Amino acid sequence: MDSKKICIDKKTLFLILFLVISVSAYLYSINIIFVTKTTYKSKAEEPKIETKKPNQIFGGTVVADPKKWPFVIALFLIEDNTVSPYTNFHCTGSLIAPTWVLTAGHCMTKGNYKEYDDPLLETKNIAIYAGGVDLDHWESKNIFYVKNIIRHEEYGIPTYVDNDIALIELFKPVPILDADIPKTVSLNDNKYIEGTKIKDQYNKGVVLGFGYESLSGFKSISHHLNQGIVPLLPYSAKFNRLEINLSLTEKTELPVGYPLGGVNACYGDSGGPFIVWDDSKSKWVQVGVASWLIDLNNGDCNGDSIYTKVSAYIDWIEKIIKGKNGKNEDYIYQPNNGTFTGSGKELTEDDLREFECRINNKGIPLNGATYKCGNELEEKKIPTVIPPGVMQAE
């Protein structure tokens, strides 16, 4: 019997080869995207946009354990009746009482944040997600709906970044007493720990948020809680050692970050907490609320952040919450009585390595890091990168 032959013309053969190559390339790219892990690589000197890496606090690291900072919450919008912290993430905030969240005033504002009388978001269009660090795997039991929004009455006066603070009242309390998560955070009333130095040692804190890593390139939310360890900066006309006068209001604003940039809050981190360990009280306390940032690299968050200073608004916060709760409520709000204390040992050696290297000139950089060891807060050299302007977080 004659063997049968299969004849394929050149055009068909070319098409088959093209399809095989295309499918192989696609599968390879998918593998690259989903197996890439976030590593702690500071962006201090030459920021690079890695489009296949989840976006996060610029230069920070992913928080894997929800018990580490159990008071951080995600704000998300409700659009077209869609309830999804993953799809409609908006801002970050902190749980300060069972039915109260602290965040930035501009997070509660419609419009472009440029006018003091920009209208508030409607309560039906926003909700919070508490008790998780991964918005990819959210649970409906951790969603809480908004009853009331109170933005500071002098928000945006005299400029749109002034009095950038707001409170959110929830319909039902977040259960905080019988579980490891969530918890409430204490608010700082100790101005001593807001200083650049404590007992002749440079002070540091933790910025927390679910936001972007950069403002350019592959622009997507991380969907994970992230942290960054940064020093508190001195107030200066030549802030960030650059020829830019920010006219900071020392009473109500707090500058944080590295003088040469590299770790910073970014869009989506707005409203998120900046916390510092208060040794006198043996607890972590919230010192700031993420408000706006400095752009050092033409569209990236490679600069420093300005936080609304919590201690300046303690009386306002207490007045609002006590006024809403009423005198007959079982729960009486106390700003410094959060259920989360921590141990002071939440930051690992790797977490602190960049701070010690760049600020105290101790140790060596992590493998692959672009930063150098030195004494940045004592450095007189002005960096060559000039920021294109001051940007408000989103």
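Only a predicted model underlies this, so the values are computations on that prediction, with no experimental measurement involved.

A. Highlighting the nonpolar core. Counting residues in each nonpolar core, the largest one holds 82 residues, and the members touching the most others are Trp69, Ile96, Leu102, Leu167, Phe274 and Ile317. Among the elements that take part in this core, strand 2 (residues 72-77) stands out by supplying 6 residues, more than any other. Leave out the neighbours within four places in its chain, and Phe274 touches Gly205, Val206, Val207, Val230, Leu232, Leu254, Val256, Val285, Gln286, Val287, Gly288 and Tyr307.

B. Fine view of the pattern of salt bridges. Overall, the coordinates contain 8 salt bridges when judged by the stated rule. Salt-bridge contacts for Lys110 lead to Glu122; the nearest nitrogen and oxygen are separated by 3.7 Å. Taken together, the residues Lys110 in the loop between strand 4 (100-103) and strand 5 (126-129) and Glu122 in the loop between strand 4 and strand 5 connect sequence positions 12 residues apart. Classification of Lys110 as partly exposed rests on a relative accessible area of 32%.

C. Focus on the state of the cysteines. One pass over the full model with this rule turns up 2 disulfides. A disulfide bridge connects Cys91 with Cys107, and the sulfur atoms are separated by 2.2 Å. One quick way to see it: the torsion about the S-S bond of Cys91 and Cys107 is about -85°, and its sign makes the bridge left-handed. Taken together, the residues span a long stretch of sequence, with Cys91 in strand 3 (residues 89-97) and Cys107 in the loop between strand 4 and strand 5 at a distance of 16 residues. For the residue pair Cys91 and Cys107, the accessibility class agrees, reading buried in each case.

D. Representation of the sheet that holds strand 7 (residues 166-170). The sheet built from 6 strands closes into a barrel, its strands ordered 2-3-4-7-6-5 with antiparallel pairing. If you compare each strand with its neighbour and ignore which way they point, the axes differ by 40° on average. Examined bridge by bridge, strand 3 and strand 4 share 3 bridges and lie antiparallel to one another. Each residue of the ladder has a partner; that of Ala97, found in strand 4, is Trp100.

E. Region of the structure containing the packing of aromatic side chains. Applying the stated criterion across every chain, the model contains 7 aromatic pairs. On the basis of an interplanar angle of 65° and a centroid distance of 6.5 Å, the ring pair of Trp69 and Phe71 is categorised as edge-to-face. Assigned by exposure class, Trp69 and Phe71 land together as buried. With centroids separated by 6.0 Å and ring planes inclined at 55°, the aromatic side chains of Phe89 and Phe210 adopt a geometry described as tilted. Pair noted here: Phe89 is in strand 3 and Phe210 is in the loop between strand 11 (204-209) and strand 12 (226-231), with a separation of 121 residues, a long-range link. When sorted by exposure, Phe89 lands in the same class as Phe210, which is buried.

F. View of the pairing of strand 11. Most of strand 11 is tucked away, with 5 of its 6 residues classed as buried. Relative to strand 12, strand 11 runs antiparallel, the two sharing 6 bridges. By the bridge assignment for strand 12, Val207 is matched with Gly228.

G. Representation of the confidence of the model for the protein chain. Here the protein chain shows a mean pLDDT of 76. Residues at 70 or above account for 70%. Mean pLDDT across the elements of the protein chain ranges from a minimum in strand 17 (residues 389-392), with 38, to a maximum in strand 4, with 97. Here residues 1-5 is modelled with pLDDT under 50, and outside its nearest four sequence neighbours on either side it reaches 0 contacts, counting other chains as well. This stretch, residues 26-57, has a pLDDT under 50; its non-local contacts, to residues over four places away or in other chains, come to 81 contacts.

H. Structural view of the environment of Tyr129. Among the structural elements, Tyr129 can be located in strand 5. With residues up to four places along the chain from it excluded, the contact list for Tyr129 reads Ile73, Ala74, Phe76, Pro85, Leu135, His137, Trp138, Glu139, Asn142 and Ile143. Here the side chain of Tyr129 touches Glu139 through a polar contact of 3.3 Å, landing on its backbone nitrogen.

How each quantity is defined
- Residues numbered from 1 in each chain as written.
- Predicted model: local features only at pLDDT ≥ 70, side-chain atom pairs only at ≥ 80, totals over all residues.
- Heavy atoms only, no water.
- Core = buried A, V, L, I, M, F, W, Y, C linked by side-chain atoms within 4.5 Å.
- Buried < 20%, exposed > 50% of the residue type's maximum accessible area, 1.4 Å probe, protein only.
- Helix = DSSP H or I, 4+ residues; strand = E, 2+ residues; numbered from the N terminus.
- Contact = heavy atoms within 4.5 Å.
- Salt bridge = Lys/Arg side-chain N within 4 Å of Asp/Glu carboxyl O.
- Disulfide = S-S within 2.5 Å.
- Pairing = 2+ DSSP bridges.
- Axes fitted to C-alpha atoms, helices over the stretch in contact; angles between N-to-C directions.
- Phe/Tyr/Trp six-rings, centres within 6.5 Å; stacked < 30°, edge-to-face > 60°.
- pLDDT = per-residue confidence, 0-100.
- Polar contact = N/O pair within 3.5 Å; in protein donor to acceptor, adjacent residues only side chain to side chain.

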